[in-house]
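# Inside the fold
What follows is each chain in one-letter form.
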Amino acid sequence: MEEWDQRRAENRDLETMCRIALDAMELKDDDAALYDYADEHRLTVNEVAYYLNAYEAGGEAGLETIRNPDIIPPDAARRAIKTIARVLDEHFEGRMPYRLTDEGTAIGLYEIQQRQNDDEYLFSICQLRLTLATGEWHLYWMRKFDAWWPYPLPERGRKHTLRARVQQVIEDQWGCFWG
């Protein structure tokens, strides 16, 4: 299978997603085996990698976040937006125009850019999703095929805090956020 199907990827049951992620962990250093696994199970390689990344980023909670994201309560979303804005403003000192949005299941961060005709548009930077049961924040970046993709956890510190996840966006270790 070649085509990415976000809806199908998000609608598998948790047990199947977990099995795929665990199988992929055994194969992730062998590209040929990963492609064979995907073909044998009628999956795309991107779907296998999607589950693997989500599992590595948060275990079953990471998989649950892509399968069934929690609605962020309005008061928690407002606090998160203020926190994110404070961290961004401290770092960029007002040099980067941005917009934060409450998207229900995520907080969206967009850079405000200008076209040549001076029209403004929003460029997607990331999404931050909250798992209510654990209080963990999950970070997502936009892949070139228009899918929000789980971003790995920071290597040290309090890994699932909102500030730690926003700091990852600022540092952009792998060039995923700031095109």
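Coordinates for the structure precede this section.
Rules used throughout
Residues numbered from 1 in each chain as written. Predicted model: local features only at pLDDT ≥ 70, side-chain atom pairs only at ≥ 80, totals over all residues. Heavy atoms only, no water. Patch = residues over 30% accessible without salt bridge, like charges linked within 9 Å, V, L, I, M, F, W, Y side chains within 5 Å. Areas by Shrake-Rupley, 256 points an atom, 1.4 Å probe, with all protein chains shown as cover. Salt bridge = Lys/Arg side-chain N within 4 Å of Asp/Glu carboxyl O. Lys, Arg positive; Asp, Glu negative; His and termini not counted. Charge placed at Lys NZ, Arg CZ, Asp CG, Glu CD. Helix = DSSP H or I, 4+ residues; strand = E, 2+ residues; numbered from the N terminus. 1 Å grid on protein atoms, 1.4 Å probe; cavity = no way out; pocket = protein on both sides within 12 Å on 5 of 7 lines; lining within 4 Å. Points joined across faces, edges and corners; volume = space filled by probe spheres on them. Nonpolar A, V, L, I, M, F, W, Y, C, P; charged D, E, K, R; others polar. Pairing = 2+ DSSP bridges. Phe/Tyr/Trp six-rings, centres within 6.5 Å; stacked < 30°, edge-to-face > 60°. Buried < 20%, exposed > 50% of the residue type's maximum accessible area, 1.4 Å probe, protein only. Lys NZ or Arg CZ within 6 Å of the ring centre and 35° of its normal.

With that settled, the discussion passes to a negative patch on the surface. A cluster of like negative charges, contributed by Asp-29, Asp-30, Asp-31, Asp-36, Asp-39 and Glu-40, occupies part of the molecular surface. In this fold, Glu-40 is placed in helix α3 (residues 31–40).

A few words now on empty space enclosed by the protein. In this structure the tally under the stated criterion is one cavity of 30 Å³ or more. Approximately 30 Å³ is the volume attributed to the largest cavity. Ala-54, Ala-57, Gly-62, His-138, Leu-139, Tyr-140, Pro-150, Tyr-151 and Arg-165 are the residues that line the largest cavity. For the lining of the largest cavity, the elements supplying multiple residues, two or more each, are α4 (45–67) and β4 (136–142). Of the residues assigned to the lining of the largest cavity, the class counts are six nonpolar, two polar and one charged.

As defined by bridge partners, strand β2 (residues 107–114) adjoins strand β3 (residues 120–131) across eight bridges and the pair is classed as antiparallel. Note that in β3 the partner of Tyr-110 across the bridge is Ser-124. The loop that links β2 with its antiparallel partner β3 comprises five residues; one of these, Asp-118, has a positive phi angle of about 75°. Where β3 and β4 come together, five bridges link them in antiparallel fashion.

Counted by the stated rule, this structure contains five aromatic pairs. Between Tyr-50 and Tyr-51 the ring centres are 6.2 Å apart and the planes differ by 45°, which places this aromatic pair in the tilted class. For the residue pair Tyr-50 and Tyr-51, the accessibility class agrees, reading buried in each case. Geometrically, the ring pair formed by Tyr-50 and Trp-149 is tilted, given 4.9 Å between the ring centres and 45° between the ring planes. Here Tyr-50 is found in helix α4, whereas its partner Trp-149 is found in strand β5 (residues 148–150), with 99 residues between them in sequence. Residue Tyr-50 shares its accessibility class with Trp-149, and that shared class is buried. Note that Arg-115 overlies the ring of Tyr-121, its terminal NZ or CZ placed 4.3 Å from the centroid.

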